[in-house]
Amino acid sequence: MMVVKIDKQKWSSGINQLKSTYDVYGPAKQGKTYEFQKLGSEQLPDLTVQNTTLSPKSIVFPQSEKMFSFHTDENKSGHHILKEMNNQSMPKAVLGIRPCDAKAFQLVKLNFDTCEYKDPYWIRAYESTTLIGLACNNPCSTCFCTSTGCGPFSETGLDVLLMDQGDSFIAKSLTPKGENLLKTATWSDSFDPATAESILKSGKEKAESKIASRVKTDQLASKSIMKIYEAPFWDDVAFSCINCGTCTFSCPTCWCFDIQDETKGCQGIRTRNWDTCMSPLFTLHGSGHNPRGEKTSRVRQRFMHKLKYFLDKYNQGIMCVGCGRCVRLCPVNIDIRQICNMMNSYQPS
């Protein structure tokens, strides 16, 4: 473990050092919102924002990603053969990611990197990315991360944890990748590890005491899938939903995608694009049959997957890190916290 104290007057020079080795990403203002984006040559991450509107999952899992190229001209060699696109780039450093978003990568990893069929695109991007987390001294009012196995000072999935102390940061490396990044940035003001741990522990206790929002998940594992599936409250939950997909688009743990071919003449590109289970087209079969053609069935699928199917399959808790984005952004005020508590306490008659 390497611990350094970063004087904020040296912050920008260290980031400029990183840009010679990494593509550096961080929170930046985009219109009226804040998003993670690649930082320009003199641009610094804006660490004053509590949380970005969208999660940084697109840095590893792009919203639209070119996978293969092909051509169909039978007069040329190699026709009808997929050729993998060269998506390689410099290693990435993500500055200011919140602990909940870092934990989300670990949940998504269960789908892309630990199953029988691994996803090379996601794995390559993730392994070349270093996550520098910023502890949340003042969590959002809608955060419930302490109920999901996470927390404002959680180290899960991070390579470096930063704590803001006003005129300086304490930076603690958690992995060899994180230590290499700190050395590259030449933030060389070493700090006593024991003192750092004491400061971080105190900060963690203060931050966690500010989280007023909680959910209960202790009974979910013991519930019958079919009993919750057939519960009478799903029509009421779905009543106000407009199937806009804001919840899935903003969620750091949603991983669903569609694959499409785009052609022009004899040339074509195969792309992978984010998809949403809230769309009527998501489960539409070629035959015309749609097993989730009704709004209620789509809303139920979203919450059953997040809070029950995932938990039962992986035994890693619920598929949620408590970031609160879907709570803040839902235009009709559907609240995953209320639904989780309903599912957890449901007793069929």
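Residue indices follow the written sequence of each chain, beginning from 1 at its first position. Totals for whole chains, interfaces and linings use all residues, but because this is a predicted model, local features are given only for residues with pLDDT of at least 70 and pairs of side-chain atoms are given and counted only at 80 or more. Side-chain numbers come from the whole structure's heavy atoms, not from hydrogens or water.

This part covers the overall build of the protein. Every helix listed is a DSSP run of H or I at least four residues long, and every strand listed is a run of E at least two residues long, numbered separately from the N terminus. Looking only at helices and strands, one finds 11 helices and 11 strands in the protein. Just to be clear, the radius of gyration here is over C-alpha atoms, and the globule rule we use is 2.2 Å times residues to the power 0.38. Over its C-alpha trace the protein gives a radius of gyration of 22 Å, about what one expects of a compact globule, namely 20 Å for 349 residues. Residue burial is assigned from relative accessible area. The probe radius is 1.4 Å, only protein chains are included, and a residue is buried under 20% of its type maximum, exposed over 50%, and partly exposed in between. Relative to its full complement of 349 residues, the protein shows a buried share of 49%. Areas reported as accessible are Shrake-Rupley estimates using a 1.4 Å probe. Residue values count occlusion only from the protein chains shown. Of the roughly 17200 Å² that the protein leaves accessible, carbon and sulfur atoms contribute 50%. Positive and negative charge centroids in the protein, built from 42 and 35 side chains respectively, lie 3 Å apart. His residues and chain termini do not enter the charge count, which takes Lys and Arg as positive and Asp and Glu as negative. A charged residue contributes its charge at one atom only: NZ of Lys, CZ of Arg, CG of Asp or CD of Glu.

As a further point, take the packing of aromatic side chains. Classification of ring pairs uses Phe, Tyr and Trp, with its six-membered ring standing for Trp, and accepts pairs whose centres are within 6.5 Å; under 30 degrees between planes counts as stacked, over 60 as edge-to-face, and the remaining range as tilted. Scanning all chains against the criterion turns up 14 aromatic pairs. Here the aromatic rings of Phe68 and Tyr121 are separated by 6.3 Å at their centres, their planes lie at 85°, and the arrangement is edge-to-face. Residue Phe68 is found in strand E4 (residues 64-71), and its partner Tyr121 is found in helix H3 (residues 120-127); the two are separated by 53 residues along the sequence. The same class applies to Phe68 as to Tyr121, namely buried. Taken together, Phe61, Phe105, Phe112, Trp122, Tyr126, Phe249, Phe257 and Trp274 form an aromatic cluster joined through their ring pairs. The lysine or arginine in question, Arg272, covers the ring of Phe257, its NZ or CZ lying 4.7 Å from the ring centre. Both a distance and an angle decide whether a charge sits over a ring: NZ of Lys or CZ of Arg must be within 6 Å of the ring centre and within 35 degrees of the ring normal.

What follows covers helix H9 (residues 295-314). With 20 residues, H9 extends 27 Å from end C-alpha to end C-alpha; this agrees with the ideal 28 Å at 1.5 Å per step. Fitting one axis to the seven residues ending at a residue and another to the seven starting there, the bend at that residue is the angle between the two axes. Its axis deflected by about 55° at His305, H9 carries its strongest bend there. Among the 20 residues in H9, 14 count as buried, and that is most of the element. Expected span of a helix: the number of residues minus one, times 1.5 Å.

Here we come to the sheet that holds strand E10 (residues 257-264). Spatially, E5-E4-E11-E10 is the arrangement adopted by the four strands of the open sheet, whose pairing is antiparallel. Either end of the sheet is taken by a strand with one partner, and the two such strands are strand E5 (83-84) and E10. Sheet topology note: the E4/strand E11 (residues 267-274) ladder contains seven bridges and is antiparallel. Within the sheet, the bridge partner assigned to Lys66 lies in E11 and is Thr271. Contacts between residues were defined by any pair of non-hydrogen atoms, one from each residue, lying within 4.5 Å. Whenever a helix is involved, its axis is fitted only over the stretch in contact; in every case the axis is a line through C-alpha atoms, and angles between N-to-C directions fall within 0 to 180 degrees. The strands touched by H3 are E4, E5 and E11; relative to E4, the strand with the most contacts, the crossing angle is about 130°. A pair of strands counts as paired when DSSP detects no fewer than two bridges linking them.

For the rest of this paragraph, the subject is the sheet that holds strand E7 (residues 129-134). Across the sheet, which stays open at both edges, the seven strands sit in the order E1-E9-E8-E7-E6-E2-E3 with mixed pairing between neighbours. With one partner strand each, in any of the chains shown, strand E1 (3-7) and strand E3 (33-38) form the two edges of the open sheet. Adjacent strand axes in the sheet meet at a mean angle of 25°, parallel and antiparallel pairs treated alike. Bridge count between strand E2 (residues 23-30) and E3: six bridges; the pairing is antiparallel. Bridge assignment links Tyr25 to a residue of E3, and that residue is Lys38.

Next up on the list: helix H1 (residues 11-18). Residues Trp11, Gly14, Ile15 and Leu18 constitute the buried set of H1. Buried residues in H1, looked at end-on, bunch into an arc of 100°, giving them a common side. Buried-residue contacts for H1 involve E1, E2, strand E6 (92-97), strand E8 (160-164), strand E9 (168-173) and helix H4 (176-184). In this context, the arc is that of the directions from the helix axis out to the C-beta atoms.

The next point concerns the nonpolar core. Ranked by size, the top nonpolar core spans 37 residues in total, and within it Val94, Ile97, Phe105, Trp122, Leu131, Trp255 and Phe310 carry the most contacts. Elements with a minimum of two residues in this core: E6, helix H2 (99-112), H3, E8, helix H5 (193-209) and H9. When residues of this core are assigned to their parent elements, the largest contribution, eight residues, is made by H2. Apart from the residues lying within four places of it in its own chain, the contact partners of Phe310 are Leu107, Leu110, Trp255, His305, Asn315, Gln316, Gly317, Ile318 and Met319. If you look at the next biggest cluster of nonpolar residues, it comprises 29 residues, including Phe144, Val237, Cys320 and Ile336. In this text, buried Ala, Val, Leu, Ile, Met, Phe, Trp, Tyr and Cys residues form a nonpolar core when linked through side-chain atoms within 4.5 Å.

A word on unusual backbone geometry. Backbone geometry at Asn243 places phi at a positive 55°, although glycine is not the residue there. In this structure, Asn243 sits in the loop between helix H7 (234-238) and helix H8 (246-250). On the basis of relative accessibility, which here comes to 18%, the residue Asn243 falls in the buried class.

Mapped onto the elements, Thr263 comes out in strand E10. Judged by its relative accessible area of 58%, Thr263 falls in the exposed class. Taking the C-alpha atoms as reference points, Thr263 and Phe70, separated by 193 residues in sequence, lie 9.1 Å from one another. Excluding anything up to four places from it in sequence, Thr263 contacts Phe70 and Gly268.

Before going further, it helps to spend a moment on empty space enclosed by the protein. We place a 1 Å grid over just the protein atoms. Points where a 1.4 Å probe fits but has no way out form a cavity, open points with protein on both sides within 12 Å along at least 5 of 7 lines form a pocket, and any residue with an atom within 4 Å of a point lines it. Grid points are joined across faces, edges and corners, and a volume is the space filled by probe spheres set on the points. With the rule as written, the count across this model stands at four cavities of 30 Å³ or more. One number sums up the size of the largest cavity: a volume of about 170 Å³. Along the wall of the largest cavity there are 17 residues; nearest its centre are Cys241, Cys247, Met278, Cys330 and Ile334. Those elements that place two or more of their residues in the lining of the largest cavity are H8 and H9. Examining the composition of the lining of the largest cavity, we find that three residues originate from one element, H9, more than from any other. What the second largest cavity holds in volume is close to 110 Å³.

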